[in-house]
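Understanding the architecture of this molecule
One-letter residues, chain by chain:
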Amino acid sequence: MSLGQKDVLQNVRKIRSAYISYLEHTSSTSANIWDLIDLELEVSYHKLPKLQDPSASIGLLWIWRQLKYQVEIYENFLEGYTAKESCELAYQQTYSRYHSWFVRAIFSRSFNAAPSELVIFEHMTGLKGEDARDKAKLEMEIFVNKVKEVVEELERGIEERGINDPTRV
């Protein structure tokens, strides 16, 4: 999980850097994420469909994928899948097409080391047993209901702008 957190922070830094650059090079005093990406596209910073890294576009693309992955994991948990199954299914639905064989193998091995659902739920909530399971499932449901809409909105913007870089990492 800490690796995922570092990855998110790295992508946020890419967006923040683009935001600062945007403000320095325009007369604007504020901007939203689409302003940053539209400027990158307007000045032909990218050779679509490949995105330059670092950029707001690549940062947003990977944050979107990360959020989508988390939503998929939680949805799978809520449907009754085990931790391993939840992660594997979510990975297949979000990341596998963007990863090389080597990276896919690393992820596959990490799924085999997934702790039990109860251990995950207890870690998430600080509670024990069924109380942990009940609270975790409620929190996952709230997360999915709120974040899924954001994920879908990001996906629309990414697809409209043609920045869903298919390059493997």
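Residues numbered from 1 in each chain as written. Predicted model: local features only at pLDDT ≥ 70, side-chain atom pairs only at ≥ 80, totals over all residues. Heavy atoms only, no water.

**Quick notes on helix H7 (residues 129-161)**
Taking 1.5 Å as the rise per residue, H7 with 33 residues should run 48 Å; its terminal C-alpha atoms sit 46 Å apart, in good agreement. Regarding H7, the residues found buried are Ala132, Ala136, Met140, Val144, Val147, Val151, Leu154, Gly157 and Ile158. Those residues of H7 that are buried lie in contact with helix H2 (33-42), helix H3 (56-78) and helix H6 (117-125). Just past H7, the residue Gly162 takes up positive phi, approximately 70°. (Helix = DSSP H or I, 4+ residues; strand = E, 2+ residues; numbered from the N terminus. Expected span 1.5 Å × (residues − 1). Buried < 20%, exposed > 50% of the residue type's maximum accessible area, 1.4 Å probe, protein only. Contact = heavy atoms within 4.5 Å.)

**Details of a nonpolar patch on the surface**
A cluster of nonpolar residues, Trp101, Phe102 and Ile106, forms a patch on the protein surface that exposes about 400 Å² of accessible area. Within the element layout of this structure, Phe102 appears in helix H5 (residues 101-112). Accessibility expressed as a relative area gives 54% for Phe102, which makes it exposed. (Patch = residues over 30% accessible without salt bridge, like charges linked within 9 Å, V, L, I, M, F, W, Y side chains within 5 Å. Areas by Shrake-Rupley, 256 points an atom, 1.4 Å probe, with all protein chains shown as cover. Salt bridge = Lys/Arg side-chain N within 4 Å of Asp/Glu carboxyl O.)

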